[in-house]
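Understanding the architecture of this molecule
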Amino acid sequence: MIRKTIKIVNKLGMHARPATMIVKAATKYRSEFRIVKSDMEINGKSIMGVMTLAAEFGSELELVADGVDEKFLIQEIVEMFLNKFGEE
Amino acid sequence: MKKIIGNSVSTGVAIGKAKIINKHELYIKDKKILKSEIKFEFSRFKKNVKFVIYELDKLIQNYTYSKENRDILESHKMILQDPEFNKRISILILEDQNCLEQAINTYFTEAIDIFSNVNNKYLSHKVNDFEDVAYRLLSHIKGERKDVFVDVDENSILIMENISPSFVTTVFDKNIQGLCTERGSRNSHSSIIARSMNLPMLVNTMGLLGNIKDGEDLIIDGNDGYVIISPTKSVLEKYKAIYKVEQNIQRGLLKLIDIESITKDGKKISLMSNIEIPQEIDQVLKYNSAGIGLFRTEFLFIDRDDLPTEEEQYEIYKNIAEQCIPNPITIRTIDVGGDKLSNILNITYEQNPNLGCRGIRISLQNVPIFKQQIKAIVRANVHGNIKIMFPMISGVNELLKVKEIIKICSKELINTGIAFNADMELGAMIEIPSAVITSDSIAEECDFLSIGTNDLIQYTLAVDRDNQSISDYYKPTHPSVIRSIKLTVDNAHKKGKKVAVCGEMASEKKYVKLLLALGVDELSVSPGRLLIIKKEIIDCDIAEMRAKLDKILSCKTSKEINKLI
């Protein structure tokens, strides 16, 4: 299992498009993927879940992946966050 | 007899029978199932979800127009593929022994509830997506998907809570009489399409659904903006007479489709169309317009969370340009106030947005976005005949800057080796008094001028047209406005450049003769008004009106001018 804490750096926060990108990417992998935000934990492969995070600019999230390809999953998702989901 | 007020989307009278298309009817069905039925119920769930996903895939494939539509459908697919959705439904069916319809209803009600309460403006509008998916799935399960229109015929007036643009196109093919929605606005995409199709439609008819029964007699008065439920015999007779007259006029107008717009005294006027969204192209082609005089590009930028890419814009411009060949299309670069773009651009609060950062000013302040639009346009120009036009030009300065940016874009495109054609006519919108006064210099720096009368009137008379309390001050024939048009036309003609009018004045029958007498070369109107204005042009004797021009130009008030035209 890998855990990785990450900050939302794109200005618009976790709106519909980034949420879609995350789910699309995560679904490609076999590992389980969950996202934790303060007291809330959701399935990172669920569009409904990721959107209900409604994470704003500057908020902190913990990414948790568990499975055979967990390393690659985390890598791809972290990269998306760092690239600000291609927004700027 | 009952009368309900609404906002008229398009003029004209419709008489028919009410046909209520009610989304929410689908939701009501609460039923528990037996333990022995659980397995069957769950297989129904799998089967129906699979089919709806297949149906969405087909829709996605066939959506060639906009990325926006495709994205919406993709997100709908994702909602159905959501593992949590599957999990929750299985719990509702297996453990709570809900029937499938009830399980789905429960899930989506919960989801919609969550999103309505989410404190994030980019997510709250997701509610619509969940509503749409729930509707699509439930109506398929109930086998009603194909039957929604089963009772719809040439006599129907559809009554709905709200309507999507694709729905308007579908119902139009059913030859219905008209359309009323309880919600919605005059400027929604659905309304724009209905208007360009000349389909009588009212929006914002509050309380209509509660007051009407399926099959009741109904009249839409799109001229005055209300619906009449169960009209009395005399009212019905009155409207039948109006309807007949309108139909006769319409039939007469349709005969003009292939006739050229030449005035009685032989001047050829190019009569073009204004479009706001790509779907209107069908009407442009149907009415045989001489091209597009104003292709607004705002639809690409507003009501979304991200900016359109160069590629997305290129596809749309190319598509429209190709369909209009050999006729030209005039693309106007983005023309909105900053307030409309606040979710995608960094906009500082403005005390006076009408005099603030809007039109070309937005583009010049956000050069990377402007360059994307320019590049998309010059690339699309390879496939058709495109002209480009810039809004809110206050003087020569902006034009010089714009030309510089076009040069830079061309250089960058050469370097990447992508095909483009930057050889196109450039136009300036004349809508600010300073542009009128310096129109001689502006005409030197571009290939044509296009007068946007709505803003020109607003800025010349310093009157906000949407402010009810001062609406009396908004006068299209105020002497200052008429003289401004005259000055602009004269200055442009001296430099050998043409002048178009693309504002609402061009769409009003009563002003056509005056505009032509002032020397305007081109009129651009919404597709639904094309034939009406063409008739006006054909019936016009410019010389006759021109003989009165000196008198008109020396009038002191708009009242005097109105008497003369």
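Here the residue numbering is sequential within each chain, running from 1 through the sequence in written order. Starting at A for chains and at 1 for ligands, labels are handed out in the order in which the entities are written. The predicted origin of the model limits local features to residues at a pLDDT of at least 70 and limits the giving and counting of side-chain atom pairs to 80 or more, whereas totals for whole chains, interfaces and linings rest on all residues.

1. What about the overall build of chain A?
Secondary structure elements are defined from DSSP: runs of H or I of at least 4 residues count as helices, runs of E of at least 2 residues count as strands, and each element is numbered from the N terminus. When helices and strands are tallied, chain A shows three helices and four strands. Starting at the N terminus and walking to the C terminus, you meet the elements of chain A as β-α-β-β-α-β-α. Field definition: a residue is buried when 20 or more other C-beta atoms are found within 10 Å of its C-beta, exposed when 12 or fewer are, and partly exposed for counts in between, with C-beta atoms placed from the backbone. The buried share of chain A, taken over its 88 residues, is 38%. At a minimum sequence separation of 6, the contacts of chain A that also span at least 24 residues come to 71%. The contact criterion used here is simple: two residues whose C-beta atoms, placed from the backbone, lie within 7 Å are in contact.

2. Remarks on the overall build of chain B
The secondary structure content of chain B amounts to 24 helices and 16 strands. Among the 565 residues that make up chain B, the fraction classed as buried is 40%. Expressed as a percentage of contacts within chain B between residues at least 6 apart in sequence, the contacts between residues at least 24 apart total 68%.

3. Some details on the sheet that holds strand E2 (residues 7–10) of chain B
Residue and element names in this part refer to chain B. Spatial strand order, E1-E8-E7-E3-E4-E5-E6-E2: eight strands in an open sheet with mixed pairing. The open sheet has two edge strands, strand E1 (2–5) and E2, and neither has a second partner. On average, each strand axis in the sheet is inclined to that of its neighbour by 30°, with strand direction left out of account. When DSSP locates at least two bridges between a pair of strands, those strands are taken to pair. Two strands pair when backbone bridges link them, and strand E5 (residues 178–181) and strand E6 (residues 201–203) are joined in this way by two bridges, in the parallel orientation. Note on E6: the bridge partner recorded for Leu179 is Met201. Structural elements are reduced to axes, namely lines fitted to C-alpha atoms, with helices fitted over the stretch in contact, and the angle between N-to-C directions of any two is expressed from 0 to 180 degrees. Seen against the sheet, helix H8 (residues 189–196) touches E2, E5 and E6 and runs at an angle of roughly 55° to E2. Packed on one face of the sheet, helix H10 (residues 233–254) meets strand E3 (13–20), strand E7 (217–221) and strand E8 (226–229) and runs near 115° to E3.

4. Re the interface of chain B and chain A
Taken together, the 17 residues of chain B in the interface contact 17 residues of chain A. Only helix H2 (67–81), helix H3 (83–95), helix H4 (100–117) and helix H5 (121–124) of chain B provide two or more residues apiece to the side of chain B that touches chain A. The nonpolar class holds Ala, Val, Leu, Ile, Met, Phe, Trp, Tyr, Cys and Pro. Asp, Glu, Lys and Arg form the charged class, and all remaining residues, Gly among them, are polar. Broken down by class, the residue content of the side of chain B that touches chain A amounts to nine nonpolar, three polar and five charged.

5. Some remarks on the packing of helix H18 (residues 453–460) of chain B against helix H19 (residues 479–494) of chain B
Angle between the axes and distance between the axes are the two parameters that describe a pair of packed helices. Residues and elements named next belong to chain B. Axis separation between H18 and H19 bottoms out at 10 Å; the angle between their running directions is 125°. Put simply, H18 runs oblique to H19. Two packed elements cross with a definite hand, and for H18 against H19 that hand is right-handed. Taking contact as the criterion, the partners of Leu456, Ile457 and Thr460 in H18 are, on H19, Ser480, Val481 and Ser484. Classifying every residue of the contact of H18 with H19 by side-chain character gives three nonpolar, three polar and no charged. Geometric relationships in this document are graded by angle, where less than 35 degrees denotes roughly parallel, more than 145 denotes roughly antiparallel, 65 to 115 denotes roughly perpendicular, and other angles denote oblique. Left-handed describes a crossing in which the near helix is turned anticlockwise from the far one by less than a right angle; the clockwise case is right-handed.

6. Here's the deal with helix H6 (residues 126–141) of chain B
Residues and elements named next belong to chain B. The first and last C-alpha atoms of H6 sit 23 Å apart over 16 residues, in line with the 22 Å expected at 1.5 Å per residue. All of the buried residues in H6 are Lys126, Asp129, Phe130, Val133, Ala134, Leu137, Leu138 and Ile141. The buried residues of H6 all sit within an arc of 150° when viewed along its axis, so they share a single face. Under the convention used throughout, the expected extent of a helix is 1.5 Å for every residue step, that is, one less than its residue count. What the arc covers is the set of directions going from the helix axis to the C-beta atoms.

7. A few points about unusual backbone geometry
Of note, the bond from Ile325 of chain B into Pro326 of chain B is cis; its omega dihedral lies within 30 degrees of zero at 5°. Assignment of secondary structure puts Pro326 of chain B in the loop between helix H12 (310–324) and strand E11 (329–332).

8. Remarks on the confidence of the model for chain B
Every residue is assigned a pLDDT by the predictor, reflecting its confidence on a scale from 0 to 100. Here chain B averages 88 in pLDDT, and 91% of its residues register 70 or above. Predicted as a complex, the structure gets a pTM of 0.69 and an ipTM equal to 0.86.

9. A short note on the sheet that holds strand E2 (residues 32–37) of chain A
Residues and elements named next belong to chain A. In space, the four strands of this open sheet follow the order E1-E4-E2-E3, with antiparallel pairing throughout. Looking at strand neighbours, the two that pair on one side only are strand E1 (2–7) and strand E3 (40–43), the edges of this open sheet. On average, adjacent strands in this sheet sit at an angle of 25° to one another, irrespective of strand direction. As defined by bridge partners, E1 adjoins strand E4 (residues 60–66) across six bridges and the pair is classed as antiparallel. Its bridge partner lying in E4, Ile6 is registered against Leu61. Set on the sheet, helix H3 (residues 70–82) makes contact with E1, E2 and E4; between it and E1 the angle comes to about 0°.

10. Observations concerning the pairing of strand E16 (residues 522–525) of chain B
Residue and element names in this part refer to chain B. By the alternation rule, side chains of E16 split into Glu522 and Ser524 and Leu523 and Val525, which are all buried. Pairing between strand E9 (residues 270–275) and E16: four bridges, direction parallel. Within the sheet, the bridge partner assigned to Met272 lies in E16 and is Ser524.

11. Observations regarding the nonpolar core
Buried Ala, Val, Leu, Ile, Met, Phe, Trp, Tyr and Cys residues form a nonpolar core when they are connected through C-beta atoms within 7 Å. Counting residues in each nonpolar core, the largest one holds 81 residues, and the members touching the most others are Tyr317, Ile377, Ile393, Ala428, Val501, Leu515 and Leu523 of chain B. With residues up to four places along the chain from it excluded, the contact list for Val501 of chain B reads Ile451, Thr453, Ala506, Leu515, Val520 and Leu523 of chain B. Core analysis: the next-biggest nonpolar cluster, separate from the first, contains 44 residues, Leu73 of chain A together with Val52, Ile104 and Phe115 of chain B among them.

12. Looking at the environment of Tyr314 of chain B
Residue and element names in this part refer to chain B. Its place among the elements puts Tyr314 in helix H12. When the C-alpha positions of Tyr314 and Gln372 are compared, they lie 9.3 Å apart, and in sequence the two are 58 residues distant. In this structure Tyr314 touches Ala376, Arg379 and Ala380, once residues within four positions along its chain are discounted.

13. Quick notes on the environment of Lys126 of chain B
Checked against the element boundaries, Lys126 of chain B lands in helix H6. Along the primary structure Lys126 of chain B and Ala111 of chain B are separated by 15 residues, whereas in three dimensions their C-alpha atoms are 9.9 Å apart. Setting aside residues no more than four positions away along its own chain, Lys126 of chain B makes contact with Ala16 and Met51 of chain A together with Phe115 of chain B.

14. Side note on the packing of H12 of chain B against helix H14 (residues 367–380) of chain B
All names here are of chain B. The interhelical angle for the contact between H12 and H14, taken along N-to-C directions, is 35°, at an axis separation of 8 Å. In this structure, H12 meets H14 at a crossing whose hand is right-handed. Here H12 contributes Glu310, Gln313, Tyr314, Tyr317, Lys318 and Ala321 to the contact with H14, which in turn contributes Gln372, Gln373, Lys375, Ala376, Ile377, Arg379 and Ala380. Grouping the constituent residues of the contact of H12 with H14 by class yields six nonpolar, three polar and four charged.

15. Let's talk about H3 of chain A
Residue and element names in this part refer to chain A. Between the first and last C-alpha of H3 there are 18 Å, a value that for 13 residues agrees with the 18 Å anticipated at 1.5 Å per step. When we look at burial in H3, the residues that qualify are Leu73, Ile74 and Ile77. Taken end-on, H3 shows its buried residues confined to a sector of 90°, consistent with a single buried face. Relative to its buried face, H3 has exposed residues pointing more than 90 degrees away, namely Glu79 and Leu82. Buried positions along H3 lie against E1, helix H1 (16–27), E2 and E4.

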